[in-house]
Amino acid sequence: MYSYTPVGVCSRKINFDIVDGKLHNVEFIGGCPGNLLAIGKLVEGKDAREVAEILAGNDCRGRGTSCADQLSKAILERL
């Protein structure tokens, strides 16, 4: 399990696995629970690099980042 500490968002930690290039067990600690659970379900088993490309640059309330964008950064850091 890889753990990433996001910056500039409400979530405090993002945990996930990458197995054979696929994302698994995406878990956000803190943040908006319903939306972040949904992100985890939507990306389960998907190609990690593709997910990172799709989520990159997603903005939350003019912060210049979001939990989804931070997941993208975490995936690329792990890859």
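Residues numbered from 1 in each chain as written. Predicted model: local features only at pLDDT ≥ 70, side-chain atom pairs only at ≥ 80, totals over all residues. Heavy atoms only, no water.

K.L.:
Honestly, the pairing of strand 3 (residues 22-29) in this entry has me stumped. Any pointers?
P.N.:
Within a regular beta strand, the side chains point alternately toward one face of the sheet and then the other, so they alternate between its two faces. Summarising the sheet, strand 2 (residues 13-19) and strand 3 pair through six bridges and their orientation is antiparallel. When the sheet's bridge partners are listed, Asp17 is paired in strand 3 with His24. (Pairing = 2+ DSSP bridges. Helix = DSSP H or I, 4+ residues; strand = E, 2+ residues; numbered from the N terminus.)

K.L.:
Explain the packing of helix 2 (residues 48-55) against helix 3 (residues 67-78) here, please?
P.N.:
When two helices pack together, their arrangement is captured by the angle between the axes and the distance separating the axes. Close contact between helix 2 and helix 3 brings their axes to 8 Å; oriented N to C, the two are set at 145 degrees. For the pair helix 2 and helix 3, the sense of crossing is left-handed. Across the interface between the two elements, Ala48, Arg49, Val51, Ala52 and Leu55 of helix 2 pack against Ala68, Asp69, Leu71, Ser72, Ile75 and Leu76 of helix 3. When grouped by side-chain class, the residues that make up the contact of helix 2 with helix 3 number eight nonpolar, one polar and two charged. (Axes fitted to C-alpha atoms, helices over the stretch in contact; angles between N-to-C directions. Left-handed = near helix turned anticlockwise from the far one by under 90°. Contact = heavy atoms within 4.5 Å. Nonpolar A, V, L, I, M, F, W, Y, C, P; charged D, E, K, R; others polar.)

K.L.:
Just to check I follow, could you spell out the sheet that holds strand 1 (residues 2-4) for this structure?
P.N.:
In a beta sheet, neighbouring strands pair by backbone hydrogen bonds and run either parallel or antiparallel. Spatially, the three strands line up as an open sheet ordered 1-2-3, and their pairing is antiparallel. The sheet is open, and its two edges are formed by strand 1 and strand 3, each paired on a single side. Within this sheet the neighbouring strands show an average axis-to-axis angle of 20 degrees, counted without direction. Seen against the sheet, helix 3 touches strand 1, strand 2 and strand 3 and runs at an angle of roughly 45 degrees to strand 2.

K.L.:
For this particular structure, what's the right way to read the nonpolar core?
P.N.:
Here is a general trend for soluble globular proteins: nonpolar side chains tend to be buried in one another's company. In terms of nonpolar packing, the biggest core is built from 20 residues, with Phe16, Leu23, Val26, Phe28, Ile39, Leu71 and Ile75 touching the most fellow members. Within the residue set of this core, elements represented by two or more residues are strand 1, strand 2, strand 3, helix 1 (33-43), helix 2 and helix 3. The biggest single contributor to this core is helix 3, with five residues. Excluding residues within four positions of it along the chain, Val26 makes contact with Asn15, Phe16, Gly40, Val43, Glu44 and Leu71. (Core = buried A, V, L, I, M, F, W, Y, C linked by side-chain atoms within 4.5 Å. Buried < 20%, exposed > 50% of the residue type's maximum accessible area, 1.4 Å probe, protein only.)

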